[in-house]
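Take a look at the letters that make up each chain.
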Amino acid sequence: MRTIHAFFQNKLFPEISHNNNAFGTVYLYTDQKLPIKKVRDRVCVALETDPEWNKRGIDILVKDVQRRYIELFIPFCTTDSQTGHDLQMDMHERMVAVVHEQYPNCMVKTRIEIL
């Protein structure tokens, strides 16, 4: 076991990328009332002002719609995986802040209906 751990710790692996681009993604779970177009505009502004983004690949997609929430998928490209990871964490924090500050009623919550 120790030898396997040492092997992976000391061995360098190439980054998995396509055309010198690394891909990052952010997932958000929000209420169905969220104005997706307005959030899409905020994503574009946030990425365009970030120096870590390589100016390729930007969008916000609805990945899944459930009764209680929608799942948003925000893919983007960076030049390497470390930059992609840093930008992914930064974008996730920014998007949660946008939803929380501007659309607080669109945070996912559990509703109880009394009949």
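This structure is a prediction, so every number in the text was calculated from the model and none was measured.

Core analysis: the biggest nonpolar cluster contains 20 residues, and Leu34, Val39, Val43, Leu47, Ile74, Met91 and Met95 have the highest contact counts within it. Where this core is concerned, the elements lending two or more residues are β1 (22-30), α2 (36-48), β4 (70-78) and α3 (81-102). In terms of residue count, the dominant contributor to this core is α3 (five residues). With residues near it in sequence (within four places) discarded, Val39 still touches Leu34, Ile60, Met95 and Tyr103.

Our focus in this paragraph is a nonpolar patch on the surface. On the surface, a nonpolar cluster with roughly 280 Å² of combined accessible area is contributed by Tyr27, Tyr29 and Val108. Along the chain, Tyr29 falls in strand β1.

This part takes up the confidence of the model for the protein chain. Of all residues in the protein chain, 80% have pLDDT values of 70 or greater, and the mean over the chain is 76. Of all the helices and strands in the protein chain, helix α1 (residues 2-10) carries the lowest mean pLDDT, 51, while strand β3 (residues 61-65) carries the highest, 87. Counting contacts from residues 12-18, a segment whose pLDDT is below 50, to residues more than four positions away or on other chains yields five contacts.

Further remarks concern the pattern of salt bridges. Under the counting rule described, the total for this entry stands at two salt bridges. Taking the shortest distance from any N to any O, the salt bridge between Lys37 and Asp41 comes out at 3.7 Å. Of this pair, Lys37 and Asp41 both sit in helix α2, four residues apart, roughly one helical turn. Accessibility expressed as a relative area gives 57% for Lys37, which makes it exposed. Judged by relative accessible area, Asp41 falls into the partly exposed class, the value being 38%. Between Arg94 and Asp90 there is a salt bridge, with its nearest N and O atoms 2.7 Å apart. Of this pair, Arg94 and Asp90 both sit in helix α3, separated by four residues, roughly a single helical turn. Given the relative accessible area of 27%, Arg94 is considered partly exposed. Since its relative accessible area comes to 27%, Asp90 is described here as partly exposed.

Parameters and conventions
Residues numbered from 1 in each chain as written. Predicted model: local features only at pLDDT ≥ 70, side-chain atom pairs only at ≥ 80, totals over all residues. Heavy atoms only, no water. Core = buried A, V, L, I, M, F, W, Y, C linked by side-chain atoms within 4.5 Å. Buried < 20%, exposed > 50% of the residue type's maximum accessible area, 1.4 Å probe, protein only. Helix = DSSP H or I, 4+ residues; strand = E, 2+ residues; numbered from the N terminus. Contact = heavy atoms within 4.5 Å. Patch = residues over 30% accessible without salt bridge, like charges linked within 9 Å, V, L, I, M, F, W, Y side chains within 5 Å. Areas by Shrake-Rupley, 256 points an atom, 1.4 Å probe, with all protein chains shown as cover. Salt bridge = Lys/Arg side-chain N within 4 Å of Asp/Glu carboxyl O. pLDDT = per-residue confidence, 0-100.

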